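# Observations on the three-dimensional arrangement
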Amino acid sequence: QVQLVESGGGSVQAGGSLRLSCAASGRTFGSYVMGWFRQAPGKEREFVAAISWTGSITRYADSVKGRFTISRDTAKNTMYLQMNILKPEDTAVYYCTAGPSAVVVAAGQGHSWGQGTQVTVSS
């Protein structure tokens, strides 16, 4: 498994931007598919984005397409989520996750999870 630590959350006004980071340690970071999930109060955890181990393939939830960009820097063992044009409905705790395949990660079945970072968007 790999240990994951998120950072970069905070409070912004609608229309603003934030960049989340997910630092990985432990087993080889580059061999895993990585992803982001979020969970708002009273709601189920939902898929946000995923990225292949090469970084060449990305996948997004419809609700964030065109606004969020997922990327990874294997040399730094870090994954990012650039969030632009933020909306109040983006308010949630954001979690990063790692797994052996895109199907597994997108299904929320990744073997490693971070502790989460809070994102709050005010109107």
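Read on for an overview of the structure. Only a predicted model underlies this, so the values are computations on that prediction, with no experimental measurement involved.

### Some thoughts on the pattern of salt bridges
Enumeration over the complete set of coordinates arrives at four salt bridges. Salt-bridge contacts for Asp90 lead to Arg38; the nearest nitrogen and oxygen are separated by 2.9 Å. Remark: Arg38 occurs in strand E4 (residues 33-39) and Asp90 occurs in the loop between strand E8 (78-83) and strand E9 (92-99); sequence separation between them is 52 residues. Summarising the burial analysis for this pair, Asp90 and Arg38 share the class buried. Lys65 is the salt-bridge partner of Asp62, the closest N and O atoms lying 3.2 Å from each other. Judged by its relative accessible area of 64%, Asp62 falls in the exposed class. The class of Lys65 is partly exposed, set by a relative accessible area of 49%. Here the salt bridges share partners, and the residues they tie into one network are Arg38, Glu46, Arg67 and Asp90.

### Structural notes on the sheet that holds strand E3 (residues 18-26)
Whether parallel or antiparallel, the strands of a sheet pair through hydrogen bonds between backbone atoms. Across the sheet, four strands lie side by side as E1-E3-E8-E7; this open sheet has antiparallel pairing. In this open sheet, the two edge strands, each paired with only one partner strand, are strand E1 (2-7) and strand E7 (68-73). Within the sheet, the average angular offset between the axes of one strand and its neighbour, ignoring direction, is 15 degrees. One ladder, built from six bridges, connects E1 with E3; its direction is antiparallel. Opposite Ser7, over in E3, you have Ser21 as the bridge partner.

### Considering the side chain of Thr91
For Thr91, the location among the structural elements is in the loop between E8 and E9. When its relative accessible area of 19% is taken as the criterion, Thr91 is described as buried. Reaching out from Thr91, the side chain makes a polar contact with the backbone oxygen of Pro88 at a distance of 2.9 Å. Within the structure, Thr91 has its side chain in polar contact with the backbone nitrogen of Val121 (distance 2.9 Å). Residues contacting Thr91, with those up to four places away along its chain left out, are Ala40, Gln118, Val119, Thr120 and Val121.

Calculation rules
- For every chain, the first residue of the written sequence is number 1, and numbering continues from 1 along that sequence.
- Residues qualify for local features only when their pLDDT is at least 70, as the model is predicted, and side-chain atom pairs are given and counted only at 80 or more; totals for whole chains, interfaces and linings, by contrast, use all residues.
- Here the side-chain values reflect all heavy atoms present in the structure, with hydrogen atoms and water set aside.
- Any carboxyl oxygen of Asp or Glu within 4 Å of a side-chain nitrogen of Lys or Arg constitutes a salt bridge here.
- Strands are runs of DSSP state E lasting at least two residues, helices are runs of H or I lasting at least four, and both sets are numbered from the N terminus onward.
- Each residue's exposure class comes from its accessible area (1.4 Å probe, protein chains only) as a fraction of the maximum for that residue type: buried when under 20%, exposed when over 50%, partly exposed otherwise.
- Only strands joined by at least two bridges in the DSSP assignment are considered to pair.
- Here the axes come from fitting lines to C-alpha atoms, over the contacting stretch only for helices, and the angles between their N-to-C directions go from 0 to 180 degrees.
- For this analysis, a polar contact is any N or O atom pair within 3.5 Å, provided that within protein one partner can donate a hydrogen and the other can accept it, and provided that sequence-adjacent residues contribute only side-chain to side-chain pairs.
- Should any heavy atoms of two residues lie within 4.5 Å, those residues are considered in contact.

Remember that the coordinates give geometry; whether it matters functionally is a separate question.
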